[in-house]
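# Understanding the architecture of this molecule
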Amino acid sequence: MSATPQLFAGVMSGTSLDGVDAVVADFAPGDGGLCALRGSTHLAFAPTLRAELLALQASGPDDLVRAARAANQLADLYTQAIRAACRDANLEP
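Predicted, not measured: the structure shown is a model, and the values here were computed from it.

## Comments concerning the sheet that holds strand β2 (residues 19-26)
One open sheet accounts for three strands, arranged β1-β2-β3; its pairing is antiparallel. Each edge of the open sheet carries a strand with a single partner, namely β1 (7-13) and β3 (36-44). For this sheet, the mean inter-axis angle between neighbouring strands, taken without regard to orientation, is 15°. Running over the sheet, helix α2 (residues 63-88) touches β1, β2 and β3 and is turned about 140° from β3.

## Side note on the nonpolar core
By size, the foremost hydrophobic cluster in this structure holds 14 residues, and its most contacted members are V20, V24, F45, L49 and L53. Elements that contribute at least two residues to this core include exactly β2, α1 (47-55) and α2. Among all residues touching F45, those that are not within four sequence positions of it are S13, L17, D18, G19, V20, R50, L53, L74 and L77.

## Thoughts on the pattern of salt bridges
With the rule as written, the count across this model stands at three salt bridges. For E52, the salt bridge identified is with R66, shortest N-O distance 2.7 Å. With a gap of 14 residues between them, E52 in helix α1 and R66 in helix α2 connect regions that are remote in the sequence. Across the salt bridge formed by R66 and D63, the nearest N and O atoms sit 3.1 Å from each other. In this pair, R66 and D63 are both assigned in helix α2, three residues apart and thus about one turn of the helix distant. Several salt bridges converge on common partners, so that one network encompasses E52, D63 and R66.

## As for the pairing of β2
Here β2 lies mainly inside the structure; six of its eight residues are buried. Two strands pair when backbone bridges link them, and β1 and β2 are joined in this way by seven bridges, in the antiparallel orientation. Bridged to L7 within β2 is D26. Sheet topology note: the β2/β3 ladder contains eight bridges and is antiparallel. In the sheet register, V20 faces β3, and the bridge partner there is L43.

The rules we used
Residues numbered from 1 in each chain as written. Predicted model: local features only at pLDDT ≥ 70, side-chain atom pairs only at ≥ 80, totals over all residues. Heavy atoms only, no water. Pairing = 2+ DSSP bridges. Helix = DSSP H or I, 4+ residues; strand = E, 2+ residues; numbered from the N terminus. Axes fitted to C-alpha atoms, helices over the stretch in contact; angles between N-to-C directions. Contact = heavy atoms within 4.5 Å. Core = buried A, V, L, I, M, F, W, Y, C linked by side-chain atoms within 4.5 Å. Buried < 20%, exposed > 50% of the residue type's maximum accessible area, 1.4 Å probe, protein only. Salt bridge = Lys/Arg side-chain N within 4 Å of Asp/Glu carboxyl O.

As structure tokens, then:
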């Protein structure tokens with residue numbers, strides 16, 4: 001009897017600021033293992049977003065506004081990455 005899948009999506013960007021990585025993992029795979037990768041993706045940062053994230057590492061004018069705008073762009077990219085990882089796993093987002 002197979003276990004009911006326990007699917008979780010994870011997304012992150014690293015300190016290299018090259019882009020976003022996302023995975024969909026099953027923490028109750030039917031083969032009895034601890035975890036199984038179901039889907040994954042990598043989306044590169046747009047050059048303008050990467051430049052802004054790097055610029056935000058030092059104080060500058062309008063830091064809060066610039067950080068909020070960059071955070072919104074990052075959240076949009078995270079959404080795209082999770083959707084792509086779900087498609088790779090043949091799952092409906």
